[in-house]
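Residue strings, one per chain:
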Amino acid sequence: MSLGKAARSLVNPVRGVLRPPASASKRTYAAGAEARAVLENELDGIRAAGTWKAERIITSKQGPQINVDGSRGSIMNFCANNYLGLSSHPEVVQAGIDALKSYGAGLSSVRFICGTQDLHKNLEQKLAEFHEREDCILYASCFDANAGLFEVLLGPDDAVLSDELNHASIIDGIRLCRAKRLRYKHMDLSDLENKLKEAQSSRMRLVVTDGVFSMDGDVAPLQGICDLAEQYGAMVFIDECHATGFLGPRGRGTDELLGVMDRVHIVNSTLGKALGGAAGGYTVGPKPLIDLLRQRSRPYLFSNSLPPPVVGCATRAVELLLASNEIAQSMTAKTMRFRNNMTQAGFTISGSAHPICPVMLGDARLASLMADDMLKLGVYVIGFSYPVVPKGKARIRVQISAAHTDEDIDRCVDAFVQTGRKHGVVS
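Fair warning: this is a prediction, and the values are worked out from it, not measured in the lab. (Residues numbered from 1 in each chain as written. Predicted model: local features only at pLDDT ≥ 70, side-chain atom pairs only at ≥ 80, totals over all residues. Heavy atoms only, no water.)

**Considerations on the sheet that holds strand S12 (residues 356-362)**
Phase 1 of the analysis: If you trace the three strands from one edge of the open sheet to the other, you get S12-S15-S14, paired in antiparallel fashion. Each having just a single partner strand, S12 and strand S14 (383-384) make up the two edges of the open sheet.
Phase 2 of the analysis: The pairing of S12 with strand S15 (residues 394-399) spans six bridges and is antiparallel. Considered in S15, the bridge of Cys357 is made with Val398.
Phase 3 of the analysis: Strands S12 and S15 of the sheet are contacted by helix H15 (residues 331-344), whose axis makes an angle of about 20° with S12.
Phase 4 of the analysis: Contacts between helix H16 (residues 364-376) and the sheet are confined to S12, S14 and S15, with S15 contributing the most and set at about 40° to the helix. (Pairing = 2+ DSSP bridges. Helix = DSSP H or I, 4+ residues; strand = E, 2+ residues; numbered from the N terminus. Contact = heavy atoms within 4.5 Å. Axes fitted to C-alpha atoms, helices over the stretch in contact; angles between N-to-C directions.)

In structure tokens:
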């Protein structure tokens, strides 16, 4: 037998062993086809309900004026979390470029192996200083910060008391911990007190709330929450993603706005909104807690370090806010200009004096159609519907930025009035 025939005689049986039988291949194909049918049916249901969320494509940098694929000319952007207009601020952008050149594109590592640069420690120090807390730990996002906190801090002998409308990342984070979970009615201090009484046998009690609830723009009653927490021996945690940088006299957040900075124990927030808008989140609080998070918080231990350009941009944004509160203070007048003019035009605006201004419409399809018509008038807004908000609570969430001019705001209101009349929302 030739060497080639011998080799083929050895290979062919192996191929037979490795090749799955025809029946197995058919079952695999059938399972895939069945899964595809289930998924397509689910997608069809989303489309039929009018809650399909299409992604518009932006072809420019983020800012009050943007370019959108399929639209002519510049479009006014009224739905970004770019509260202070720092996403494309020249000093913030340059800081990112400088960090890229000096520190590279990334660390290819988690923090504790070889992923901590002086750049990261400097930002953590500045964030702790900004929030007037002992220490800070960075995460890839505030979603990760919320996912990584509760299972480290709380055990089966503890209790967590959570507002029923807290952000999804808070809910998911709490699910990961083994503490007793008590949910109180939205911003209802009486119900919170009842839950605190129920949790008195627990070792530790942690009250958890958004500082600002992002879908409605309402501000948590932190003074009352802190009063109850002190009365019943609980700690207070707040998520400040929609407050950091612009609420309060110096932009420190909801706790500063309501005068309870020294009564809130733990703050989670983001770098991805007012503080440059790139990515990243963090926890600030007592140093022993931050030290323990570095040892045990899974999103921190198993996620790559924040890229140096992102850290550079965020650092410069925080430095600008530490140096001056002028940008933060400009938000109030612009917010109230929009809210007052829209209310006078006949629209229902949820929330209070916050740059998140939900234009309440109720119907998901109406919210989507009006948002599309607004784009044709040169205003970029997005309809929000289930599951992002409860069924029957669809709205167009407008967000005011310090970078918007009074003329921008007036043009946005005019576009809403024109579109609202077309759809019978206002007369």
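**Focus: the packing of aromatic side chains**
The description of two aromatic rings rests on the distance between their centres and on the angle between their planes.
Phase 1 of the analysis: The full count for this structure, using the stated rule, is five aromatic pairs.
Phase 2 of the analysis: With centroids separated by 5.4 Å and ring planes inclined at 70°, the aromatic side chains of Phe150 and Phe237 adopt a geometry described as edge-to-face. Pair noted here: Phe150 is in helix H6 (residues 142-153) and Phe237 is in strand S9 (residues 235-239), with a separation of 87 residues, a long-range link. You'll find Phe150 and Phe237 in the same group, each marked buried.
Phase 3 of the analysis: Ring geometry for Phe347 versus Phe416: centroids 5.8 Å apart, planes at 70°, classification edge-to-face. Of the two residues, Phe347 sits in the loop between H15 and S12 while Phe416 sits in helix H17 (residues 406-422), which places them 69 residues apart along the sequence. As far as burial versus exposure is concerned, Phe347 and Phe416 are alike and both buried. (Phe/Tyr/Trp six-rings, centres within 6.5 Å; stacked < 30°, edge-to-face > 60°. Buried < 20%, exposed > 50% of the residue type's maximum accessible area, 1.4 Å probe, protein only.)

**Quick look at the UniProt feature "domain: Aminotransferase class I/classII large" (unreviewed entry) in the chain**
Phase 1 of the analysis: As annotated by UniProt and renumbered to match this structure, "domain: Aminotransferase class I/classII large" (unreviewed entry) occupies residues 75-416.
Phase 2 of the analysis: Secondary structure over residues 75-416 splits into 43% helix and 18% strand, and the C-alpha atoms at its two ends are 15 Å apart. (UniProt positions renumbered as here; feature names shortened; annotations may be inferred.)

**Side note on the domain arrangement of the chain**
Phase 1 of the analysis: Here the domain parsing of the chain yields domain 1 (56-85 + 325-423) and domain 2 (90-323).
Phase 2 of the analysis: Using C-alpha coordinates to define each centre, domain 1 is positioned 27 Å away from domain 2.
Phase 3 of the analysis: In this assembly, 21 residues from domain 1 lie in contact with 17 residues from domain 2.
Phase 4 of the analysis: One can count one salt bridge joining domain 1 with domain 2.
Phase 5 of the analysis: Among the salt bridges present, the one from Arg395 reaches Asp216, with a minimum N-O distance of 3.2 Å.
Phase 6 of the analysis: On the surface where domain 1 and domain 2 come into contact, there are eight residue pairs in polar contact (both at pLDDT 80 or more).
Phase 7 of the analysis: Ranked by the residues each element gives to the side of domain 1 that touches domain 2, the list is headed by S15, at three residues.
Phase 8 of the analysis: Split by residue class, the side of domain 1 that touches domain 2 holds 10 nonpolar, nine polar and two charged. (Domains from an automatic or database assignment. Salt bridge = Lys/Arg side-chain N within 4 Å of Asp/Glu carboxyl O. Polar contact = N/O pair within 3.5 Å; in protein donor to acceptor, adjacent residues only side chain to side chain. Nonpolar A, V, L, I, M, F, W, Y, C, P; charged D, E, K, R; others polar.)

**A short note on helix H3 (residues 90-103)**
Phase 1 of the analysis: End to end, H3 covers 20 Å across 14 residues, agreeing with the expected 20 Å (1.5 Å per residue, within 8%).
Phase 2 of the analysis: By the burial criterion, the buried members of H3 are Val92, Ala95, Gly96 and Ala99. Buried positions in H3, seen along its axis, are confined to an arc of 100° and lie on one side of it. Among the exposed residues of H3, those pointing more than 90 degrees away from its buried face are Pro90 and Lys101.
Phase 3 of the analysis: Residues of H3 that are buried make contact with helix H5 (118-131) and helix H13 (308-323).
Phase 4 of the analysis: The first or second residue beyond H3 is Gly104, which carries a positive phi of 90°. (Expected span 1.5 Å × (residues − 1). Arc of directions from axis to C-beta.)

**Quick notes on helix H11 (residues 287-296)**
Phase 1 of the analysis: When H11 is considered as a whole, its buried residues turn out to be Leu289, Ile290, Leu293 and Arg294. Along the axis of H11, the buried positions cluster into a sector of 140°, meaning they face one direction only. For H11, the exposed residues set more than 90 degrees away from the buried face come down to Pro288, Gln295 and Arg296.

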